[in-house]
Amino acid sequence: MQLVHEESLGDTLNACEELFFWNKPVEKEAAEEVALWIASRHGLPEAYNNTFAPKEGEAKQPWRCFIGDEIRLGGGRQHILGEESSRALFRLDVELPKVQKALTAANQQLAEMIDPSKGFYCCYYCTVGMWRNLAWGGLDQQEERLARGMETLREHRLVAGNWQGFPFWYTLHALWDMVESGRGKEDALAEFAWVAPYLKRRLQRLKSWEPWISRRAELANRILDTVKVDEVEELAE
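Chemist: Looking at this model, I keep getting lost on the overall build of the protein. Mind explaining?
Modeler: A count of helical and extended segments in the protein gives 9 helices and 2 strands. Listing the helices and strands of the protein from first to last along the sequence gives α-α-β-β-α-α-α-α-α-α-α. Rg of the C-alpha trace for the protein: 17 Å, near the compact-globule value of 18 Å for 237 residues, within the 12% margin. When its C-alpha atoms are laid out on the principal axes, the protein stretches across 45 × 40 × 30 Å. Looking at the protein residue by residue over its 237 residues, the buried ones come to 53%. Nonlocal contacts in the protein, meaning residues at least 24 apart in sequence, comprise 67% of its contacts between residues at least 6 apart. Entry remark: accessible area of the protein is about 11000 Å², with carbon and sulfur atoms responsible for 47%. The positive charge centre, built from 29 side chains, and the negative charge centre, built from 38, are 4 Å apart in the protein.

Written out as C-alpha coordinates, the structure is:
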(Lines give C-alpha, C1' and ligand atoms only; values in the text may rest on other atoms or scores of the structure.)
Protein backbone atom coordinates (compact mmCIF):
# COMPACT_ATOMS: atom_id res chain seq x y z
CA MET A 1 0.00 0.00 0.00
CA GLN A 2 1.33 3.42 -0.97
CA LEU A 3 1.61 5.72 2.03
CA VAL A 4 3.60 8.69 0.73
CA HIS A 5 1.77 10.83 -1.81
CA GLU A 6 4.45 13.25 -2.94
CA GLU A 7 2.01 15.88 -4.17
CA SER A 8 -0.33 15.92 -1.17
CA LEU A 9 0.09 15.98 2.59
CA GLY A 10 -3.66 15.42 2.95
CA ASP A 11 -3.60 12.29 0.77
CA THR A 12 -0.60 11.00 2.71
CA LEU A 13 -2.44 11.49 6.01
CA ASN A 14 -5.52 9.70 4.66
CA ALA A 15 -3.33 6.80 3.52
CA CYS A 16 -1.92 6.55 7.04
CA GLU A 17 -5.42 6.70 8.47
CA GLU A 18 -6.37 3.71 6.31
CA LEU A 19 -3.85 1.74 8.39
CA PHE A 20 -4.92 3.14 11.73
CA PHE A 21 -8.67 2.88 11.20
CA TRP A 22 -8.66 -0.70 9.93
CA ASN A 23 -5.81 -1.83 12.23
CA LYS A 24 -3.64 -2.87 9.29
CA PRO A 25 -0.02 -3.78 9.99
CA VAL A 26 2.75 -1.58 8.58
CA GLU A 27 6.33 -2.64 8.02
CA LYS A 28 9.02 -0.69 9.86
CA GLU A 29 10.60 0.54 6.62
CA ALA A 30 7.28 1.87 5.30
CA ALA A 31 6.47 3.54 8.63
CA GLU A 32 9.86 5.23 8.70
CA GLU A 33 9.56 6.39 5.10
CA VAL A 34 6.21 8.10 5.61
CA ALA A 35 7.16 9.48 9.02
CA LEU A 36 10.30 11.06 7.57
CA TRP A 37 8.30 12.51 4.68
CA ILE A 38 5.75 14.09 7.04
CA ALA A 39 8.55 15.36 9.29
CA SER A 40 10.22 16.96 6.26
CA ARG A 41 7.17 19.25 5.95
CA HIS A 42 7.86 20.74 9.39
CA GLY A 43 8.32 24.49 9.52
CA LEU A 44 8.07 25.11 5.75
CA PRO A 45 6.50 28.39 4.53
CA GLU A 46 2.96 26.97 4.08
CA ALA A 47 2.96 25.45 7.58
CA TYR A 48 0.57 26.73 10.21
CA ASN A 49 2.58 28.24 13.06
CA ASN A 50 5.65 26.06 12.57
CA THR A 51 3.76 22.77 12.29
CA PHE A 52 3.62 20.71 9.05
CA ALA A 53 3.11 22.28 5.65
CA PRO A 54 0.79 21.13 2.88
CA LYS A 55 2.32 20.96 -0.57
CA GLU A 56 2.38 24.06 -2.77
CA GLY A 57 -1.17 24.95 -3.79
CA GLU A 58 -2.70 22.29 -1.55
CA ALA A 59 -3.38 24.83 1.19
CA LYS A 60 -5.77 26.62 -1.16
CA GLN A 61 -7.82 23.52 -1.96
CA PRO A 62 -10.50 21.85 0.18
CA TRP A 63 -9.34 18.73 1.96
CA ARG A 64 -11.66 15.78 2.46
CA CYS A 65 -10.52 13.96 5.56
CA PHE A 66 -10.65 10.18 5.91
CA ILE A 67 -14.11 10.13 7.49
CA GLY A 68 -15.51 12.32 4.70
CA ASP A 69 -15.88 15.85 6.11
CA GLU A 70 -14.67 18.45 3.61
CA ILE A 71 -12.52 21.11 5.26
CA ARG A 72 -12.55 24.35 3.30
CA LEU A 73 -11.32 26.90 5.85
CA GLY A 74 -8.17 28.72 4.70
CA GLY A 75 -5.82 29.04 7.67
CA GLY A 76 -7.98 26.57 9.56
CA ARG A 77 -7.30 23.91 6.95
CA GLN A 78 -3.55 24.43 7.38
CA HIS A 79 -3.94 24.24 11.16
CA ILE A 80 -5.91 21.00 10.91
CA LEU A 81 -3.35 19.45 8.55
CA GLY A 82 -0.69 20.38 11.12
CA GLU A 83 -2.62 18.73 13.96
CA GLU A 84 -3.39 15.67 11.83
CA SER A 85 0.27 15.35 10.82
CA SER A 86 1.31 15.36 14.47
CA ARG A 87 -1.33 12.77 15.29
CA ALA A 88 -0.11 10.53 12.46
CA LEU A 89 3.48 10.74 13.70
CA PHE A 90 2.42 9.80 17.22
CA ARG A 91 0.54 6.80 15.86
CA LEU A 92 3.35 5.70 13.54
CA ASP A 93 5.64 5.73 16.60
CA VAL A 94 8.89 6.10 14.66
CA GLU A 95 11.80 6.92 16.97
CA LEU A 96 14.14 8.42 14.36
CA PRO A 97 15.71 11.66 15.66
CA LYS A 98 14.52 13.78 12.72
CA VAL A 99 10.94 12.65 13.27
CA GLN A 100 11.00 13.18 17.02
CA LYS A 101 12.62 16.61 16.69
CA ALA A 102 9.94 17.83 14.29
CA LEU A 103 7.14 16.32 16.37
CA THR A 104 8.38 17.87 19.60
CA ALA A 105 8.96 21.32 18.07
CA ALA A 106 5.53 21.41 16.40
CA ASN A 107 3.69 20.45 19.56
CA GLN A 108 5.61 22.87 21.73
CA GLN A 109 4.54 25.63 19.38
CA LEU A 110 0.90 24.48 19.44
CA ALA A 111 0.92 24.20 23.23
CA GLU A 112 2.24 27.73 23.62
CA MET A 113 -0.27 29.11 21.13
CA ILE A 114 -3.47 27.43 22.36
CA ASP A 115 -4.79 28.41 25.80
CA PRO A 116 -4.96 25.26 27.96
CA SER A 117 -7.79 26.72 30.05
CA LYS A 118 -10.20 26.53 27.12
CA GLY A 119 -11.64 23.52 25.35
CA PHE A 120 -12.25 25.36 22.09
CA TYR A 121 -9.80 26.80 19.57
CA CYS A 122 -10.54 29.03 16.56
CA CYS A 123 -13.57 27.19 15.10
CA TYR A 124 -15.45 23.90 15.36
CA TYR A 125 -13.26 22.08 12.81
CA CYS A 126 -9.99 23.34 14.29
CA THR A 127 -11.16 22.31 17.75
CA VAL A 128 -11.88 18.75 16.64
CA GLY A 129 -8.51 18.53 14.86
CA MET A 130 -6.84 19.62 18.09
CA TRP A 131 -8.76 16.96 20.08
CA ARG A 132 -7.54 14.25 17.70
CA ASN A 133 -3.93 15.29 18.22
CA LEU A 134 -4.40 15.59 21.99
CA ALA A 135 -5.83 12.08 22.17
CA TRP A 136 -2.55 10.60 20.97
CA GLY A 137 -0.18 12.81 22.96
CA GLY A 138 -0.12 16.17 21.19
CA LEU A 139 0.43 19.62 22.75
CA ASP A 140 0.59 19.24 26.55
CA GLN A 141 -1.81 18.70 29.48
CA GLN A 142 -3.76 16.32 27.28
CA GLU A 143 -6.25 15.07 29.88
CA GLU A 144 -7.01 18.58 31.13
CA ARG A 145 -7.43 20.03 27.66
CA LEU A 146 -9.67 17.17 26.55
CA ALA A 147 -11.80 17.45 29.70
CA ARG A 148 -12.42 21.12 28.94
CA GLY A 149 -13.14 20.22 25.35
CA MET A 150 -15.77 17.72 26.41
CA GLU A 151 -17.36 20.36 28.63
CA THR A 152 -17.63 22.56 25.55
CA LEU A 153 -19.10 19.72 23.50
CA ARG A 154 -21.74 19.00 26.14
CA GLU A 155 -22.70 22.68 26.12
CA HIS A 156 -23.43 22.33 22.38
CA ARG A 157 -25.81 19.37 22.67
CA LEU A 158 -29.05 19.78 20.73
CA VAL A 159 -32.48 18.35 21.48
CA ALA A 160 -32.24 16.38 18.23
CA GLY A 161 -29.41 14.35 19.77
CA ASN A 162 -26.37 15.77 18.03
CA TRP A 163 -24.22 18.90 18.55
CA GLN A 164 -24.56 22.46 17.35
CA GLY A 165 -21.81 23.59 15.00
CA PHE A 166 -19.45 20.66 15.37
CA PRO A 167 -18.82 18.58 12.19
CA PHE A 168 -20.73 15.42 13.03
CA TRP A 169 -18.54 12.62 11.64
CA TYR A 170 -15.22 14.31 12.28
CA THR A 171 -16.29 14.83 15.90
CA LEU A 172 -17.29 11.19 16.25
CA HIS A 173 -13.91 10.17 14.86
CA ALA A 174 -12.16 12.36 17.45
CA LEU A 175 -14.22 10.78 20.24
CA TRP A 176 -13.26 7.35 18.93
CA ASP A 177 -9.60 8.44 19.11
CA MET A 178 -10.18 9.20 22.78
CA VAL A 179 -11.64 5.75 23.39
CA GLU A 180 -8.79 4.02 21.57
CA SER A 181 -6.02 6.01 23.23
CA GLY A 182 -7.64 6.00 26.67
CA ARG A 183 -7.27 9.78 27.10
CA GLY A 184 -10.68 11.20 27.95
CA LYS A 185 -12.27 7.80 27.37
CA GLU A 186 -15.09 8.12 29.92
CA ASP A 187 -16.16 11.52 28.57
CA ALA A 188 -16.15 10.14 25.03
CA LEU A 189 -18.27 7.15 26.02
CA ALA A 190 -20.76 9.51 27.67
CA GLU A 191 -21.07 11.43 24.41
CA PHE A 192 -21.59 8.16 22.54
CA ALA A 193 -24.47 7.32 24.86
CA TRP A 194 -25.95 10.77 24.20
CA VAL A 195 -25.64 10.61 20.41
CA ALA A 196 -26.54 6.91 19.93
CA PRO A 197 -30.25 7.27 19.02
CA TYR A 198 -29.50 10.07 16.54
CA LEU A 199 -26.52 8.15 15.16
CA LYS A 200 -28.63 5.07 14.56
CA ARG A 201 -31.03 7.13 12.46
CA ARG A 202 -28.15 8.68 10.51
CA LEU A 203 -26.60 5.29 9.88
CA GLN A 204 -29.81 3.96 8.37
CA ARG A 205 -29.72 6.79 5.81
CA LEU A 206 -26.15 6.21 4.62
CA LYS A 207 -26.38 5.26 0.95
CA SER A 208 -23.48 5.94 -1.40
CA TRP A 209 -20.52 4.20 -2.96
CA GLU A 210 -18.10 6.91 -1.86
CA PRO A 211 -15.32 5.31 0.23
CA TRP A 212 -15.94 7.49 3.27
CA ILE A 213 -19.53 6.26 3.55
CA SER A 214 -18.44 2.71 4.39
CA ARG A 215 -15.98 4.18 6.89
CA ARG A 216 -18.79 6.16 8.52
CA ALA A 217 -20.91 3.03 8.71
CA GLU A 218 -18.06 1.13 10.35
CA LEU A 219 -17.40 3.93 12.83
CA ALA A 220 -21.09 4.20 13.67
CA ASN A 221 -21.38 0.47 14.34
CA ARG A 222 -18.30 0.54 16.57
CA ILE A 223 -19.79 3.40 18.54
CA LEU A 224 -23.23 1.86 18.84
CA ASP A 225 -21.63 -1.35 20.04
CA THR A 226 -19.88 0.48 22.89
CA VAL A 227 -23.22 1.72 24.22
CA LYS A 228 -24.94 -1.63 23.74
CA VAL A 229 -27.31 -0.40 21.06
CA ASP A 230 -28.51 -3.22 18.81
CA GLU A 231 -26.12 -3.92 15.96
CA VAL A 232 -27.12 -1.97 12.87
CA GLU A 233 -26.73 -3.44 9.42
CA GLU A 234 -23.77 -2.37 7.34
CA LEU A 235 -24.32 0.02 4.46
CA ALA A 236 -26.94 -1.38 2.12
CA GLU A 237 -26.66 -1.38 -1.62
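Chemist: So what exactly am I meant to see when it comes to the packing of aromatic side chains here?
Modeler: To describe a pair of aromatic rings, one takes the distance between the centres and the angle between the planes. All chains considered together, the criterion is met by 10 aromatic pairs. Ring centres of Phe168 and Trp169 lie 5.2 Å apart, and the angle between their planes is 80°; on these two criteria the pair is classed as edge-to-face. Of the two residues, Phe168 and Trp169, neither departs from the other in class, the shared state being buried. For the ring pair Phe168 and Tyr198, a centre distance of 5.3 Å and an interplane angle of 80° mean the geometry is edge-to-face. Here Phe168 is found in helix H7 (residues 168-181), whereas its partner Tyr198 is found in helix H8 (residues 185-204), with 30 residues between them in sequence. Grouping aromatic residues by their ring pairs yields a cluster made of Phe120, Tyr124, Trp131 and Phe166.

Chemist: Looking at this structure, I do not really get the environment of Asp11. What am I missing?
Modeler: Residue position: Asp11 is located in helix H1 (residues 9-22). Judged by its relative accessible area of 40%, Asp11 is partly exposed. Residues Asp11 and Lys24 lie 13 residues apart in sequence; the distance between their C-alpha atoms is 17 Å. If near-sequence neighbours (up to four positions away) are discounted, Asp11 is found in contact with His5, Glu58 and Trp63.

Chemist: Help me out: how do you make sense of a negative patch on the surface in this one?
Modeler: Taken together, Glu6, Glu7, Glu27, Glu29 and Glu33 make up a surface patch of like negative charges. As for its placement among the helices and strands, Glu29 is situated in helix H2 (residues 28-39).

Chemist: For this particular structure, what's the right way to read helix H6 (residues 142-155)?
Modeler: In an α-helix, one turn spans 3.6 residues, which is why side chains three or four residues apart end up on the same side. Spanning 14 residues, H6 covers 20 Å between terminal C-alpha atoms, matching the ideal 20 Å at 1.5 Å per step. Buried within H6 we find Gln142, Arg145, Leu146, Gly149, Met150, Thr152 and Leu153. Along the axis of H6, the buried positions cluster into a sector of 155°, meaning they face one direction only. On its buried side, H6 packs onto helix H4 (97-113), helix H5 (124-135), H7 and H8.

Parameters and conventions
Residues numbered from 1 in each chain as written. Predicted model: local features only at pLDDT ≥ 70, side-chain atom pairs only at ≥ 80, totals over all residues. Heavy atoms only, no water. Helix = DSSP H or I, 4+ residues; strand = E, 2+ residues; numbered from the N terminus. Rg over C-alpha atoms; globule rule 2.2 N^0.38 Å. Buried < 20%, exposed > 50% of the residue type's maximum accessible area, 1.4 Å probe, protein only. Contact = heavy atoms within 4.5 Å. Areas by Shrake-Rupley, 256 points an atom, 1.4 Å probe, with all protein chains shown as cover. Lys, Arg positive; Asp, Glu negative; His and termini not counted. Charge placed at Lys NZ, Arg CZ, Asp CG, Glu CD. Phe/Tyr/Trp six-rings, centres within 6.5 Å; stacked < 30°, edge-to-face > 60°. Patch = residues over 30% accessible without salt bridge, like charges linked within 9 Å, V, L, I, M, F, W, Y side chains within 5 Å. Salt bridge = Lys/Arg side-chain N within 4 Å of Asp/Glu carboxyl O. Expected span 1.5 Å × (residues − 1). Arc of directions from axis to C-beta.

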